[in-house]
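Here are the chains, one letter per residue:
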Amino acid sequence: MLPIRDERLLPLHEKVIDGRRLSWDDGILLYETDDLNGVGHMANLVRERKHGGRTYWVRNQHLNYTNVCNKLCRFCAFYAKKDGPTAYTLSMPEVEERIRAHLDIPITEIHIVGGIHPRLPYSYYLDLLQTVRGVRPDAHIKAFTMIELQQIQLVADKSMDEVLADLRDAGLGSLPGGGVEVLSDRLHTELFDRKLDGDEWLETARTAHNAGFRSNVTMLYGHVERPEERVEHMVRIRELQDETGGFLTFIPLSFHPENTDLRHCPPPTGQDDLRNIAVGRLMLDNVDHIKSFWIMNTAPITQVALWYGADDTDGTIQEYEVTRDAETDTRQALTRAQLVEMISDAGREPVERDTLYNVIAA
Ligand code: V47
């Protein structure tokens, strides 16, 4: 018997079996139905069609070069005011030290993001990439969200294409998926009105993709967004992906309300986490990978998410700071053995990858 309890899902199931695209209304139904297992079952069909049981992970290090930020997003616990007591900006010797600290691990990816620090000159960003590349020449550098790219362009006073070419020469390999939050005008006004709006974010992503960079894309959920805004987000991403093919991975990010302006919001539940992974897998038929970011979703939810559409877990993650302040006791790293064990224990096949999903030989 088909593991779908809500009969309204049956036409969607037929579309999934035939490989047909789900509509806006289908997306709304996927959020409305209480048949989470039915949604997960369909997402798993897509996941297994694309990847079988393979589950990707990467040996990576996160580097957050500054927490100074002038965007004041209401969901963020990471940012600091420029002269505040917790403000920091890494100097180049400090960057070098952070990268050297993990030279004993065969890390293949360095993921670099930071706040929008209005005083950093263009040379800082180029030095940052060159310094990292100098210490770890073989690692792929995934750095700078679309919001940072806009700031870098502002201080560079050059065209975005020229900036992207300079960054590539300095070592940039691809772009991470943060900063987009939810592509919705209402949420932009309410939560992050100092940042790029949806159209500007998409235009920046388009420019980066057209310049040959791949990027990820996230969706921050579990605060004040509505189901129709999540669906709008996914449909707009899907449209740009039809055009550029530049997105590698979709990453639903589970909101952590502690120490933010939205601390009154109840945190997302396991049900929310699994549903957003599954709906993402079903709606984003043209994006290859769906990531359950274990550091925010937790390892136990990630194990289940691997049966609800996710085929990626992120990685070993040395030093993650964005939600550290929003946490009480989140662990910041898993060893290779722990990650592999987490995936195998869930009944999936662990595959070490690099940033662009080339398989790293065992
Ligand atoms: O854009 C900020 C989010 C993002 C909170 O590309 C919060 O592989 C939860 O984008 N609770 C940055 N989330 C992180 C990010 C990311 C992470 C892992 C992998 C990749 C990738 C990208 O973190 C921000 C924002 O959406 N964020 N504050 C919070 N309190």
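Here the structure is shown first, and the text comes after it.
Residues numbered from 1 in each chain as written. Predicted model: local features only at pLDDT ≥ 70, side-chain atom pairs only at ≥ 80, totals over all residues. Heavy atoms only, no water.

Asks: How should the site of the ligand be read in this particular structure?
Replies: Not every one of the 25 residues close to the ligand is listed here, only the nearest: Lys-142, Gly-177, Gly-179, Glu-181 and Lys-291. Measuring from a nitrogen atom of the ligand, one finds a backbone N or O atom of Phe-75 at 2.9 Å. Lys-291 places a polar side-chain atom, nitrogen or oxygen, 2.7 Å from an oxygen atom of the ligand. Of all the secondary structure elements, the ones that give two or more residues to the shell around the ligand are strand 6 (215–221) and strand 7 (247–254). Split by residue class, the shell around the ligand holds 11 nonpolar, 10 polar and 4 charged. (Near = heavy atom within 4 Å. Polar contact = N/O pair within 3.5 Å; in protein donor to acceptor, adjacent residues only side chain to side chain. Helix = DSSP H or I, 4+ residues; strand = E, 2+ residues; numbered from the N terminus. Nonpolar A, V, L, I, M, F, W, Y, C, P; charged D, E, K, R; others polar.)

Asks: Would you mind going over the pattern of salt bridges with me for this structure?
Replies: Once the charged atoms of two side chains with opposite charge are near each other, the side chains can pair. Taken as a whole, this structure holds 25 salt bridges when the rule is applied. We note a salt bridge from Arg-206 to Glu-203, for which the minimum N-O separation is 2.6 Å. With Arg-206 and Glu-203 both in helix 9 (residues 198–210) and 3 residues apart, the pair spans about one turn of that helix. For Glu-203, a relative accessible area of 40% gives the class partly exposed. Ionic contacts of the salt-bridge type, sharing partners, join the residues Arg-5, Asp-34 and Asp-35 into one network. (Salt bridge = Lys/Arg side-chain N within 4 Å of Asp/Glu carboxyl O. Buried < 20%, exposed > 50% of the residue type's maximum accessible area, 1.4 Å probe, protein only.)

Asks: What is the right way to read the side chain of Thr-313 from this model?
Replies: Within the secondary structure, Thr-313 is located in strand 9 (residues 312–315). Judged by relative accessible area, Thr-313 falls into the buried class, the value being 0%. Discounting residues that sit within four places of it in the chain, Thr-313 has contacts with Thr-55, Tyr-56, Trp-57, Lys-291, Ser-292, Phe-293, Trp-294, Thr-302, Leu-306, Leu-339, Met-342 and Ile-343. (Contact = heavy atoms within 4.5 Å.)

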